[in-house]
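# Residue-level structural notes
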Amino acid sequence: MKDIAIVAYQQSDSVSDAGAVNEVELIMPVLARTFEQAGLNSAQDVDFVCSGSCDYLQGAAFAFVSGVDALGAVPPIKESHVEMDAAWALYESMLKIRMGHADSALIYGFGKSSPGDLPTVLSQQLDPYYLAPLWVDSISLAALQARLMLDKGLITERDMAEVVSRSRRNAMNNPHAQLSGDISVEDVLAEETFLSPLRKADCSPISDGASAMIIATVDQAKAWGLPYVVISGIDHCIETHNLGMRDLTDSVSTRMAANHAGMNAGKVDVAELYAPFSHQELILTRALGLDKETQVNPSGGVLAGNLMMASGLSRIGEVFNRIVKGEAQRGIAHATSGPCLQHNLVTVLEKGENA
Amino acid sequence: MSDEQDEITVINAPVYLKYNFTAGKAPARYLTQLKKGVLTGQRCPKCSAVYVPPRGSCASCGVATEEEVELSDKATVESFTIVSIPIPGNPIEPPFVVANLVLDGSNISLIHLLSECVNEDVHIGQRVQGVWNPESEWDYSMNNIRYFKPIDEPDVPVEKIGTLPVTGLEG
(Lines give C-alpha, C1' and ligand atoms only; values in the text may rest on other atoms or scores of the structure.)
Protein backbone atom coordinates (compact mmCIF):
# COMPACT_ATOMS: atom_id res chain seq x y z
CA MET A 1 0.00 0.00 0.00
CA LYS A 2 1.26 3.46 -0.90
CA ASP A 3 2.26 5.70 2.02
CA ILE A 4 0.50 9.05 1.97
CA ALA A 5 1.96 12.31 3.23
CA ILE A 6 1.00 15.94 3.81
CA VAL A 7 3.09 18.42 1.82
CA ALA A 8 1.33 21.74 2.37
CA TYR A 9 -1.07 23.35 4.81
CA GLN A 10 -2.44 26.90 5.10
CA GLN A 11 -5.11 28.58 7.19
CA SER A 12 -6.80 31.97 7.15
CA ASP A 13 -6.95 34.11 10.24
CA SER A 14 -9.79 33.12 12.53
CA VAL A 15 -12.04 36.19 12.75
CA SER A 16 -15.36 36.81 14.47
CA ASP A 17 -16.88 38.38 11.36
CA ALA A 18 -15.30 38.24 7.92
CA GLY A 19 -17.62 41.06 6.84
CA ALA A 20 -18.69 41.45 3.23
CA VAL A 21 -16.63 38.64 1.69
CA ASN A 22 -18.48 35.57 0.46
CA GLU A 23 -17.24 32.00 0.81
CA VAL A 24 -15.38 31.99 -2.52
CA GLU A 25 -13.58 35.19 -1.57
CA LEU A 26 -12.76 33.59 1.79
CA ILE A 27 -11.28 30.44 0.23
CA MET A 28 -9.27 31.85 -2.68
CA PRO A 29 -6.40 33.50 -0.76
CA VAL A 30 -5.94 30.35 1.34
CA LEU A 31 -5.85 28.12 -1.76
CA ALA A 32 -3.38 30.47 -3.46
CA ARG A 33 -1.00 30.25 -0.48
CA THR A 34 -1.39 26.44 -0.35
CA PHE A 35 -0.52 26.03 -4.06
CA GLU A 36 2.45 28.37 -3.58
CA GLN A 37 3.71 26.33 -0.62
CA ALA A 38 3.54 23.15 -2.72
CA GLY A 39 5.04 24.82 -5.79
CA LEU A 40 1.87 24.14 -7.78
CA ASN A 41 -0.20 26.49 -9.92
CA SER A 42 -3.79 25.38 -9.43
CA ALA A 43 -6.17 22.51 -8.77
CA GLN A 44 -5.25 21.28 -12.27
CA ASP A 45 -1.91 20.12 -10.79
CA VAL A 46 -3.47 17.63 -8.32
CA ASP A 47 -5.42 14.47 -9.15
CA PHE A 48 -8.37 15.00 -6.80
CA VAL A 49 -10.07 17.77 -4.84
CA CYS A 50 -12.34 17.33 -1.82
CA SER A 51 -13.92 20.01 0.34
CA GLY A 52 -15.76 20.13 3.64
CA SER A 53 -18.47 22.66 4.44
CA CYS A 54 -22.01 22.88 5.76
CA ASP A 55 -24.90 24.47 3.84
CA TYR A 56 -26.68 25.20 7.15
CA LEU A 57 -23.99 27.76 7.96
CA GLN A 58 -24.81 29.68 4.76
CA GLY A 59 -28.51 28.93 4.99
CA ALA A 60 -28.72 27.92 1.34
CA ALA A 61 -29.10 24.52 -0.29
CA PHE A 62 -26.11 23.42 -2.38
CA ALA A 63 -24.21 26.50 -1.25
CA PHE A 64 -21.04 24.42 -1.22
CA VAL A 65 -21.11 24.24 -5.03
CA SER A 66 -20.03 27.89 -5.24
CA GLY A 67 -16.75 26.85 -3.59
CA VAL A 68 -15.77 25.25 -6.90
CA ASP A 69 -15.55 28.77 -8.38
CA ALA A 70 -12.35 29.15 -6.37
CA LEU A 71 -10.67 26.13 -8.00
CA GLY A 72 -10.39 26.89 -11.71
CA ALA A 73 -12.29 23.82 -12.87
CA VAL A 74 -11.72 24.37 -16.62
CA PRO A 75 -10.84 21.86 -18.01
CA PRO A 76 -12.93 19.72 -15.64
CA ILE A 77 -11.38 18.32 -12.46
CA LYS A 78 -12.19 15.34 -10.24
CA GLU A 79 -13.97 16.89 -7.29
CA SER A 80 -15.99 15.80 -4.28
CA HIS A 81 -17.45 17.27 -1.11
CA VAL A 82 -18.41 16.18 2.39
CA GLU A 83 -21.12 17.97 4.36
CA MET A 84 -18.76 17.70 7.31
CA ASP A 85 -15.51 19.04 8.63
CA ALA A 86 -12.77 18.89 5.99
CA ALA A 87 -10.92 16.36 8.18
CA TRP A 88 -13.40 13.90 6.67
CA ALA A 89 -12.61 15.29 3.22
CA LEU A 90 -9.02 14.26 3.98
CA TYR A 91 -10.32 10.80 4.87
CA GLU A 92 -12.16 10.55 1.53
CA SER A 93 -9.08 11.78 -0.32
CA MET A 94 -6.94 9.12 1.35
CA LEU A 95 -9.39 6.44 0.23
CA LYS A 96 -9.19 7.83 -3.32
CA ILE A 97 -5.39 7.57 -3.25
CA ARG A 98 -5.46 4.13 -1.60
CA MET A 99 -7.77 2.84 -4.33
CA GLY A 100 -5.19 3.92 -6.88
CA HIS A 101 -7.41 6.60 -8.43
CA ALA A 102 -5.12 9.49 -7.52
CA ASP A 103 -1.58 10.24 -6.39
CA SER A 104 -2.32 13.68 -4.95
CA ALA A 105 -5.23 15.66 -3.55
CA LEU A 106 -6.21 19.16 -2.48
CA ILE A 107 -8.45 19.32 0.59
CA TYR A 108 -10.11 22.48 1.85
CA GLY A 109 -12.65 23.41 4.48
CA PHE A 110 -14.50 26.66 4.99
CA GLY A 111 -17.11 28.11 7.23
CA LYS A 112 -18.67 31.50 7.72
CA SER A 113 -20.50 31.08 11.01
CA SER A 114 -21.19 34.77 11.62
CA PRO A 115 -24.29 35.19 9.38
CA GLY A 116 -26.50 32.92 11.52
CA ASP A 117 -26.93 32.08 15.19
CA LEU A 118 -24.46 29.19 15.21
CA PRO A 119 -25.60 27.24 18.32
CA THR A 120 -29.19 27.28 16.98
CA VAL A 121 -28.12 26.50 13.43
CA LEU A 122 -26.24 23.44 14.71
CA SER A 123 -29.39 22.28 16.55
CA GLN A 124 -30.98 21.75 13.11
CA GLN A 125 -27.96 20.44 11.21
CA LEU A 126 -27.86 16.74 12.14
CA ASP A 127 -30.50 14.32 13.58
CA PRO A 128 -33.70 15.79 12.10
CA TYR A 129 -36.18 13.45 13.84
CA TYR A 130 -35.49 13.49 17.57
CA LEU A 131 -33.17 16.39 18.39
CA ALA A 132 -33.97 19.03 15.76
CA PRO A 133 -37.66 19.51 16.78
CA LEU A 134 -36.45 20.22 20.34
CA TRP A 135 -34.16 23.06 19.15
CA VAL A 136 -31.55 22.17 21.77
CA ASP A 137 -28.56 24.30 20.90
CA SER A 138 -24.98 23.03 20.92
CA ILE A 139 -23.92 25.07 23.97
CA SER A 140 -26.82 23.82 26.11
CA LEU A 141 -25.96 20.23 25.24
CA ALA A 142 -22.31 20.83 26.13
CA ALA A 143 -23.44 22.43 29.41
CA LEU A 144 -25.41 19.27 30.27
CA GLN A 145 -22.28 17.26 29.63
CA ALA A 146 -20.10 19.55 31.77
CA ARG A 147 -22.65 19.42 34.60
CA LEU A 148 -22.53 15.62 34.50
CA MET A 149 -18.74 15.70 34.76
CA LEU A 150 -18.76 18.16 37.66
CA ASP A 151 -21.48 16.43 39.67
CA LYS A 152 -19.77 13.06 39.28
CA GLY A 153 -16.59 14.64 40.65
CA LEU A 154 -14.66 13.82 37.47
CA ILE A 155 -13.54 17.41 36.95
CA THR A 156 -13.67 20.75 38.76
CA GLU A 157 -14.39 24.21 37.43
CA ARG A 158 -10.72 24.95 38.14
CA ASP A 159 -9.69 22.09 35.82
CA MET A 160 -11.83 23.65 33.09
CA ALA A 161 -10.37 27.11 33.74
CA GLU A 162 -6.86 25.65 33.47
CA VAL A 163 -7.68 24.41 29.98
CA VAL A 164 -8.88 27.90 29.00
CA SER A 165 -5.87 29.64 30.52
CA ARG A 166 -3.41 27.32 28.73
CA SER A 167 -5.31 27.72 25.45
CA ARG A 168 -5.17 31.53 25.60
CA ARG A 169 -1.47 31.54 26.50
CA ASN A 170 -0.55 29.00 23.79
CA ALA A 171 -2.57 31.00 21.27
CA MET A 172 -0.25 33.97 21.80
CA ASN A 173 2.17 32.10 19.47
CA ASN A 174 -0.54 31.37 16.91
CA PRO A 175 -0.75 34.19 14.33
CA HIS A 176 -4.21 33.04 13.18
CA ALA A 177 -5.78 32.91 16.65
CA GLN A 178 -8.92 34.91 17.39
CA LEU A 179 -8.65 34.77 21.21
CA SER A 180 -5.29 34.84 22.95
CA GLY A 181 -3.72 36.47 25.97
CA ASP A 182 -2.00 36.03 29.29
CA ILE A 183 -5.13 34.92 31.14
CA SER A 184 -4.80 33.20 34.54
CA VAL A 185 -7.02 30.48 35.98
CA GLU A 186 -8.29 33.05 38.50
CA ASP A 187 -9.18 35.43 35.68
CA VAL A 188 -11.31 32.73 34.08
CA LEU A 189 -12.98 31.71 37.34
CA ALA A 190 -13.82 35.35 38.08
CA GLU A 191 -15.99 35.43 34.96
CA GLU A 192 -19.71 34.84 35.56
CA THR A 193 -21.34 31.75 34.12
CA PHE A 194 -22.98 32.05 30.70
CA LEU A 195 -24.91 28.78 30.37
CA SER A 196 -24.24 27.15 33.73
CA PRO A 197 -21.80 25.62 34.44
CA LEU A 198 -20.10 27.03 31.31
CA ARG A 199 -18.50 30.44 31.22
CA LYS A 200 -18.12 32.14 27.85
CA ALA A 201 -14.40 31.40 28.08
CA ASP A 202 -15.20 27.66 28.28
CA CYS A 203 -16.83 27.89 24.83
CA SER A 204 -15.03 28.24 21.52
CA PRO A 205 -15.75 31.56 19.81
CA ILE A 206 -17.86 32.06 16.66
CA SER A 207 -15.39 32.26 13.81
CA ASP A 208 -15.16 32.76 10.06
CA GLY A 209 -12.35 31.34 7.94
CA ALA A 210 -10.91 28.54 5.88
CA SER A 211 -8.00 26.11 5.70
CA ALA A 212 -6.48 23.97 2.98
CA MET A 213 -4.04 21.09 2.62
CA ILE A 214 -2.30 19.14 -0.11
CA ILE A 215 -1.51 15.45 0.33
CA ALA A 216 0.28 13.05 -1.97
CA THR A 217 1.83 9.62 -2.09
CA VAL A 218 5.31 9.66 -0.56
CA ASP A 219 6.70 8.94 -4.02
CA GLN A 220 4.91 12.00 -5.42
CA ALA A 221 6.03 14.14 -2.45
CA LYS A 222 9.64 13.10 -3.13
CA ALA A 223 9.23 13.83 -6.84
CA TRP A 224 8.02 17.32 -5.93
CA GLY A 225 11.02 17.66 -3.59
CA LEU A 226 8.86 18.86 -0.73
CA PRO A 227 9.27 18.27 3.00
CA TYR A 228 6.52 15.91 4.02
CA VAL A 229 4.83 14.37 7.03
CA VAL A 230 3.51 10.82 6.72
CA ILE A 231 -0.09 10.05 7.68
CA SER A 232 0.58 6.67 9.29
CA GLY A 233 -2.98 6.10 10.46
CA ILE A 234 -6.48 7.54 10.24
CA ASP A 235 -9.83 6.28 11.48
CA HIS A 236 -13.18 7.60 12.64
CA CYS A 237 -15.97 6.19 14.81
CA ILE A 238 -19.43 7.51 15.63
CA GLU A 239 -21.74 7.08 18.64
CA THR A 240 -25.54 6.97 18.64
CA HIS A 241 -27.51 10.17 18.14
CA ASN A 242 -29.50 9.24 21.24
CA LEU A 243 -27.70 11.26 23.92
CA GLY A 244 -29.38 9.27 26.68
CA MET A 245 -27.68 6.10 25.52
CA ARG A 246 -24.16 7.57 25.55
CA ASP A 247 -21.69 7.93 28.39
CA LEU A 248 -21.17 11.66 27.94
CA THR A 249 -18.31 11.70 30.46
CA ASP A 250 -16.12 9.55 28.20
CA SER A 251 -15.36 9.46 24.48
CA VAL A 252 -15.41 5.81 23.54
CA SER A 253 -15.46 6.56 19.80
CA THR A 254 -12.31 8.70 20.06
CA ARG A 255 -10.45 5.92 21.88
CA MET A 256 -11.57 3.33 19.32
CA ALA A 257 -10.53 5.53 16.40
CA ALA A 258 -7.13 6.20 18.03
CA ASN A 259 -6.54 2.48 18.56
CA HIS A 260 -7.50 1.68 14.99
CA ALA A 261 -5.25 4.46 13.70
CA GLY A 262 -2.30 3.02 15.64
CA MET A 263 -1.75 5.88 18.06
CA ASN A 264 -0.18 3.64 20.68
CA ALA A 265 2.50 2.26 18.37
CA GLY A 266 4.88 5.02 19.47
CA LYS A 267 5.41 8.10 21.60
CA VAL A 268 3.00 10.98 21.00
CA ASP A 269 4.93 14.27 21.17
CA VAL A 270 2.02 16.53 20.29
CA ALA A 271 -1.76 16.24 20.17
CA GLU A 272 -4.15 18.74 18.62
CA LEU A 273 -7.64 17.99 19.93
CA TYR A 274 -10.87 19.47 18.56
CA ALA A 275 -12.52 20.38 21.85
CA PRO A 276 -15.07 23.17 21.30
CA PHE A 277 -15.64 23.33 25.08
CA SER A 278 -13.00 23.28 27.82
CA HIS A 279 -14.34 20.19 29.61
CA GLN A 280 -14.27 18.28 26.32
CA GLU A 281 -10.48 18.66 26.14
CA LEU A 282 -10.35 16.88 29.52
CA ILE A 283 -12.64 14.11 28.24
CA LEU A 284 -10.50 13.64 25.13
CA THR A 285 -7.15 13.74 26.95
CA ARG A 286 -8.37 11.05 29.33
CA ALA A 287 -10.06 8.94 26.64
CA LEU A 288 -6.78 8.90 24.72
CA GLY A 289 -4.69 8.29 27.85
CA LEU A 290 -2.39 11.23 27.06
CA ASP A 291 0.13 12.08 29.78
CA LYS A 292 2.68 14.84 30.40
CA GLU A 293 4.88 13.45 27.60
CA THR A 294 2.38 14.88 25.13
CA GLN A 295 1.96 18.58 24.49
CA VAL A 296 -1.77 19.19 24.07
CA ASN A 297 -3.06 21.96 21.78
CA PRO A 298 0.10 24.05 21.45
CA SER A 299 -1.83 26.17 18.89
CA GLY A 300 -4.40 27.06 21.53
CA GLY A 301 -6.90 24.65 20.00
CA VAL A 302 -10.35 25.71 18.92
CA LEU A 303 -11.00 27.69 22.10
CA ALA A 304 -8.71 30.21 20.36
CA GLY A 305 -10.75 30.16 17.13
CA ASN A 306 -13.23 27.64 15.80
CA LEU A 307 -13.52 27.53 12.01
CA MET A 308 -16.57 25.34 11.53
CA MET A 309 -15.91 22.64 8.90
CA ALA A 310 -12.22 23.62 8.77
CA SER A 311 -10.94 23.33 12.35
CA GLY A 312 -10.71 19.52 12.21
CA LEU A 313 -8.46 19.80 9.15
CA SER A 314 -6.59 22.60 10.92
CA ARG A 315 -5.80 20.31 13.86
CA ILE A 316 -4.06 17.96 11.40
CA GLY A 317 -2.37 20.94 9.75
CA GLU A 318 -1.11 22.24 13.10
CA VAL A 319 0.55 18.89 13.88
CA PHE A 320 2.02 18.88 10.35
CA ASN A 321 3.52 22.33 11.02
CA ARG A 322 5.09 21.18 14.34
CA ILE A 323 6.69 18.13 12.76
CA VAL A 324 7.98 20.07 9.73
CA LYS A 325 9.51 22.65 12.11
CA GLY A 326 11.25 19.83 13.99
CA GLU A 327 9.39 20.52 17.23
CA ALA A 328 7.92 17.00 17.22
CA GLN A 329 8.65 13.63 15.63
CA ARG A 330 5.20 12.10 15.95
CA GLY A 331 1.79 13.45 16.81
CA ILE A 332 -1.94 12.91 16.66
CA ALA A 333 -4.77 15.13 15.51
CA HIS A 334 -8.41 14.77 16.47
CA ALA A 335 -11.53 16.10 14.74
CA THR A 336 -15.10 16.02 15.98
CA SER A 337 -18.63 16.45 14.68
CA GLY A 338 -22.05 16.40 16.28
CA PRO A 339 -23.23 17.25 19.79
CA CYS A 340 -21.09 16.36 22.83
CA LEU A 341 -18.26 14.77 20.78
CA GLN A 342 -20.55 12.35 18.93
CA HIS A 343 -18.35 11.56 15.93
CA ASN A 344 -14.59 11.51 16.16
CA LEU A 345 -11.69 11.13 13.78
CA VAL A 346 -8.07 10.51 14.80
CA THR A 347 -5.04 10.93 12.54
CA VAL A 348 -1.51 9.78 13.40
CA LEU A 349 1.31 11.79 11.82
CA GLU A 350 5.00 10.92 11.62
CA LYS A 351 8.09 12.70 10.39
CA GLY A 352 9.00 11.96 6.76
CA GLU A 353 12.52 11.90 5.36
CA ASN A 354 12.77 15.52 4.31
CA ALA A 355 10.72 17.05 7.10
CA MET B 1 -59.83 10.62 26.99
CA SER B 2 -59.91 7.55 24.85
CA ASP B 3 -57.34 4.78 25.23
CA GLU B 4 -57.20 4.39 21.51
CA GLN B 5 -54.31 6.16 19.85
CA ASP B 6 -54.19 7.34 16.30
CA GLU B 7 -51.29 6.05 14.31
CA ILE B 8 -48.88 8.96 13.85
CA THR B 9 -47.47 8.98 10.37
CA VAL B 10 -46.32 12.57 10.01
CA ILE B 11 -44.92 15.25 12.28
CA ASN B 12 -44.39 18.85 11.35
CA ALA B 13 -41.00 20.22 12.37
CA PRO B 14 -40.64 23.54 10.58
CA VAL B 15 -37.22 25.15 10.58
CA TYR B 16 -36.88 28.92 10.93
CA LEU B 17 -33.38 30.31 10.92
CA LYS B 18 -32.37 33.91 10.38
CA TYR B 19 -29.20 34.86 8.55
CA ASN B 20 -27.45 38.09 7.70
CA PHE B 21 -26.73 37.13 4.13
CA THR B 22 -23.69 38.67 2.51
CA ALA B 23 -23.50 38.59 -1.25
CA GLY B 24 -19.74 39.01 -1.23
CA LYS B 25 -17.43 41.93 -1.98
CA ALA B 26 -17.68 41.65 -5.78
CA PRO B 27 -21.47 41.10 -5.97
CA ALA B 28 -21.99 43.91 -3.43
CA ARG B 29 -20.02 46.28 -5.65
CA TYR B 30 -22.09 45.14 -8.66
CA LEU B 31 -25.38 45.75 -6.82
CA THR B 32 -24.21 49.19 -5.64
CA GLN B 33 -23.46 50.22 -9.23
CA LEU B 34 -26.73 48.67 -10.43
CA LYS B 35 -28.67 50.92 -8.05
CA LYS B 36 -27.09 53.83 -9.94
CA GLY B 37 -28.24 52.35 -13.24
CA VAL B 38 -24.78 51.11 -14.24
CA LEU B 39 -23.98 47.52 -15.25
CA THR B 40 -20.47 46.44 -14.23
CA GLY B 41 -18.48 43.24 -14.66
CA GLN B 42 -15.07 42.09 -13.52
CA ARG B 43 -12.21 40.98 -15.74
CA CYS B 44 -10.09 37.88 -15.03
CA PRO B 45 -6.40 38.89 -14.84
CA LYS B 46 -5.43 35.57 -16.45
CA CYS B 47 -7.87 34.77 -19.29
CA SER B 48 -9.36 38.32 -19.65
CA ALA B 49 -12.95 37.00 -19.55
CA VAL B 50 -15.39 39.58 -18.17
CA TYR B 51 -17.92 38.19 -15.72
CA VAL B 52 -21.32 39.72 -15.01
CA PRO B 53 -22.60 39.56 -12.37
CA PRO B 54 -19.11 39.21 -10.88
CA ARG B 55 -18.63 36.80 -7.99
CA GLY B 56 -15.06 37.73 -7.14
CA SER B 57 -13.40 34.86 -8.95
CA CYS B 58 -12.81 33.52 -12.43
CA ALA B 59 -14.43 30.11 -12.25
CA SER B 60 -12.28 28.91 -15.16
CA CYS B 61 -8.91 29.97 -13.79
CA GLY B 62 -9.66 29.95 -10.06
CA VAL B 63 -8.15 33.40 -9.51
CA ALA B 64 -9.55 36.53 -7.92
CA THR B 65 -11.05 39.14 -10.23
CA GLU B 66 -10.58 42.78 -9.32
CA GLU B 67 -10.53 44.99 -12.42
CA GLU B 68 -13.99 46.51 -12.84
CA VAL B 69 -15.43 46.98 -16.32
CA GLU B 70 -18.43 49.14 -17.22
CA LEU B 71 -20.80 47.36 -19.59
CA SER B 72 -23.52 48.33 -22.04
CA ASP B 73 -27.17 47.49 -21.52
CA LYS B 74 -27.18 46.24 -25.11
CA ALA B 75 -26.83 42.49 -25.46
CA THR B 76 -26.89 39.55 -27.88
CA VAL B 77 -29.17 36.52 -27.56
CA GLU B 78 -26.93 33.48 -26.97
CA SER B 79 -29.82 31.09 -26.35
CA PHE B 80 -33.48 31.26 -25.36
CA THR B 81 -36.56 29.28 -24.48
CA ILE B 82 -40.27 30.02 -24.69
CA VAL B 83 -41.90 29.16 -21.38
CA SER B 84 -45.43 27.84 -21.97
CA ILE B 85 -46.31 26.52 -18.53
CA PRO B 86 -47.05 28.65 -15.46
CA ILE B 87 -44.36 28.53 -12.76
CA PRO B 88 -45.61 28.53 -9.14
CA GLY B 89 -44.93 31.88 -7.49
CA ASN B 90 -44.00 33.56 -10.75
CA PRO B 91 -46.41 36.41 -11.60
CA ILE B 92 -45.47 36.44 -15.29
CA GLU B 93 -48.12 34.88 -17.49
CA PRO B 94 -46.94 32.34 -20.06
CA PRO B 95 -45.99 32.19 -22.80
CA PHE B 96 -42.88 34.31 -22.18
CA VAL B 97 -39.26 34.23 -23.34
CA VAL B 98 -36.29 33.57 -21.05
CA ALA B 99 -32.92 34.15 -22.68
CA ASN B 100 -29.20 33.79 -22.11
CA LEU B 101 -27.91 37.25 -22.96
CA VAL B 102 -24.32 38.39 -23.37
CA LEU B 103 -23.97 42.08 -22.53
CA ASP B 104 -21.67 44.06 -24.82
CA GLY B 105 -18.26 44.19 -23.14
CA SER B 106 -18.73 40.91 -21.27
CA ASN B 107 -18.00 37.28 -22.20
CA ILE B 108 -20.34 35.33 -19.93
CA SER B 109 -24.09 35.28 -20.40
CA LEU B 110 -26.71 36.22 -17.84
CA ILE B 111 -30.36 35.19 -17.78
CA HIS B 112 -33.18 37.69 -18.20
CA LEU B 113 -36.59 38.08 -19.81
CA LEU B 114 -37.25 39.11 -23.39
CA SER B 115 -40.43 41.07 -24.09
CA GLU B 116 -41.98 43.54 -26.59
CA CYS B 117 -41.13 40.88 -29.16
CA VAL B 118 -42.84 38.29 -31.31
CA ASN B 119 -41.92 35.13 -29.39
CA GLU B 120 -41.74 33.04 -32.55
CA ASP B 121 -39.26 35.49 -34.13
CA VAL B 122 -36.73 35.40 -31.28
CA HIS B 123 -33.43 33.93 -32.54
CA ILE B 124 -29.82 33.36 -31.57
CA GLY B 125 -27.64 36.33 -32.47
CA GLN B 126 -30.53 38.78 -32.11
CA ARG B 127 -29.67 42.22 -30.71
CA VAL B 128 -31.59 43.41 -27.65
CA GLN B 129 -31.46 46.20 -25.07
CA GLY B 130 -32.55 46.55 -21.45
CA VAL B 131 -35.82 48.35 -20.65
CA TRP B 132 -35.24 50.05 -17.31
CA ASN B 133 -37.77 50.87 -14.62
CA PRO B 134 -38.10 54.59 -13.77
CA GLU B 135 -34.99 55.86 -11.91
CA SER B 136 -37.06 56.55 -8.78
CA GLU B 137 -37.68 52.80 -8.46
CA TRP B 138 -34.04 51.68 -8.83
CA ASP B 139 -32.85 49.34 -6.10
CA TYR B 140 -29.97 46.90 -5.47
CA SER B 141 -31.61 44.51 -7.88
CA MET B 142 -31.49 43.20 -11.44
CA ASN B 143 -35.24 43.97 -11.51
CA ASN B 144 -34.15 47.56 -12.28
CA ILE B 145 -34.20 46.19 -15.82
CA ARG B 146 -37.76 44.96 -16.39
CA TYR B 147 -36.82 42.99 -19.47
CA PHE B 148 -34.81 43.21 -22.68
CA LYS B 149 -36.42 44.04 -26.03
CA PRO B 150 -35.26 43.62 -29.62
CA ILE B 151 -33.48 46.59 -31.25
CA ASP B 152 -32.94 47.40 -34.91
CA GLU B 153 -29.32 46.23 -35.29
CA PRO B 154 -27.93 43.48 -37.52
CA ASP B 155 -27.63 39.98 -36.02
CA VAL B 156 -24.32 38.93 -34.54
CA PRO B 157 -22.77 35.88 -36.26
CA VAL B 158 -22.83 32.88 -33.92
CA GLU B 159 -19.02 32.67 -33.68
CA LYS B 160 -18.84 36.30 -32.53
CA ILE B 161 -21.42 36.01 -29.75
CA GLY B 162 -19.69 36.67 -26.43
CA THR B 163 -16.79 38.58 -27.98
CA LEU B 164 -18.33 42.01 -28.58
CA PRO B 165 -16.66 45.09 -27.08
CA VAL B 166 -18.68 47.49 -24.96
CA THR B 167 -19.23 49.58 -28.11
CA GLY B 168 -21.12 46.72 -29.80
CA LEU B 169 -20.76 45.03 -33.19
CA GLU B 170 -19.92 48.19 -35.11
CA GLY B 171 -17.37 49.37 -32.52
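Small disclaimer: the values here were computed from a predicted structure and weren't measured.

When helices and strands are tallied, chain B shows 1 helix and 10 strands. When the helices and strands of chain B are read in sequence order from the N terminus, they spell out α-β-β-β-β-β-β-β-β-β-β. For chain B, the C-alpha radius of gyration of 21 Å lies well beyond 16 Å, the compact-globule estimate for 171 residues. For chain B, the spread of C-alpha atoms along the three principal axes comes to 85 × 40 × 35 Å.

With that settled, the discussion passes to the sheet that holds strand β2 (residues 48–52) of chain A. Residues and elements named next belong to chain A. In spatial order, the strands read β3-β2-β4-β7-β1-β8-β12-β11-β9-β10; together these 10 strands make up an open sheet with mixed pairing. Both edges of this open sheet fall to β3 (79–82) and β10 (295–296), since each of them pairs with a single strand only. Bridge count between strand β9 (residues 270–272) and β10: 2 bridges; the pairing is parallel. Its bridge partner being in β10, Val 270 is matched across the sheet by Gln 295. Strands β1 (4–11), β4 (104–112) and β7 (208–217) of the sheet are contacted by helix α1 (residues 23–38), whose axis makes an angle of about 35° with β7. Most of the contacts of helix α9 (residues 252–261) go to strand β12 (residues 343–351), to which it runs at about 30°, and overall it touches β8 (229–238), β11 (330–337) and β12.

Our next topic: the domain arrangement of chain A. All names here are of chain A. If you check the domain split of chain A, you get domain 1 (4–116 + 206–229) and domain 2 (118–203 + 231–349). Distance between the C-alpha centres of domain 1 and domain 2: 22 Å. On the domain 2 side, the residues contacting the 37 residues of domain 1 number 30 residues. Those elements that provide at least two residues to the side of domain 1 that touches domain 2 are β1, α2 (55–58), α3 (86–98), β4 and β7. Broken down by element, the residue count for the side of domain 1 that touches domain 2 peaks at 6 residues, all from α3. For the side of domain 1 that touches domain 2, the class distribution of residues is 22 nonpolar, 13 polar and 2 charged.

This paragraph deals with the sheet that holds strand β5 (residues 67–71) of chain B. Residues and elements named next belong to chain B. Taken in spatial order, the 3 strands of this open sheet run β2-β1-β5, and their pairing is antiparallel. Each having just a single partner strand, β2 (50–51) and β5 make up the two edges of the open sheet. Here strand β1 (residues 39–43) runs beside β5; their pairing, made up of 5 bridges, is antiparallel. In the sheet register, Gln 42 faces β5, and the bridge partner there is Glu 68.

One can find Asp 45 of chain A in the loop between α1 and β2. Placed 60 residues apart in sequence, Asp 45 of chain A and Ala 105 of chain A show a C-alpha to C-alpha distance of 9.1 Å.

So, on to the packing of α9 of chain A against helix α10 (residues 278–288) of chain A. Residues and elements named next belong to chain A. Close contact between α9 and α10 brings their axes to 9 Å; oriented N to C, the two are set at 45°. On the basis of the axis angle, α9 is oblique to α10. Here α9 and α10 pass one another in a crossing that is right-handed. For the pair α9 and α10, contact is made by Thr 254, Arg 255 and Ala 258 and by Leu 284, Ala 287 and Leu 288, respectively. Classifying every residue of the contact of α9 with α10 gives 4 nonpolar, 1 polar and 1 charged.

Between chain B and chain A, the residue contacts involve 20 residues of the former and 22 residues of the latter. Considering only residue class, the side of chain B that touches chain A consists of 10 nonpolar, 7 polar and 3 charged.

Below, the discussion takes up the domain arrangement of chain B. All names here are of chain B. Parsing chain B into structural domains produces domain 1 (22–71) and domain 2 (72–171). Computed from C-alpha atoms alone, the centre-to-centre distance between domain 1 and domain 2 is 19 Å. With 15 residues of domain 1 at the interface, the matching set in domain 2 holds 17 residues. Secondary-structure elements contributing two or more residues to the side of domain 1 that touches domain 2 are α1 (25–35), β1, β2 and β5. Counting residues per element, the side of domain 1 that touches domain 2 draws most heavily on α1, at 4 residues. Among the residues making up the side of domain 1 that touches domain 2, the classes are represented as 10 nonpolar, 3 polar and 2 charged.

What counts as what
Residues numbered from 1 in each chain as written. Chains lettered and ligands numbered in written order. Predicted model: local features only at pLDDT ≥ 70, side-chain atom pairs only at ≥ 80, totals over all residues. Helix = DSSP H or I, 4+ residues; strand = E, 2+ residues; numbered from the N terminus. Rg over C-alpha atoms; globule rule 2.2 N^0.38 Å. Pairing = 2+ DSSP bridges. Contact = placed C-beta atoms within 7 Å. Axes fitted to C-alpha atoms, helices over the stretch in contact; angles between N-to-C directions. Domains from an automatic or database assignment. Nonpolar A, V, L, I, M, F, W, Y, C, P; charged D, E, K, R; others polar. Parallel < 35°, antiparallel > 145°, perpendicular 65-115°, else oblique. Left-handed = near helix turned anticlockwise from the far one by under 90°.

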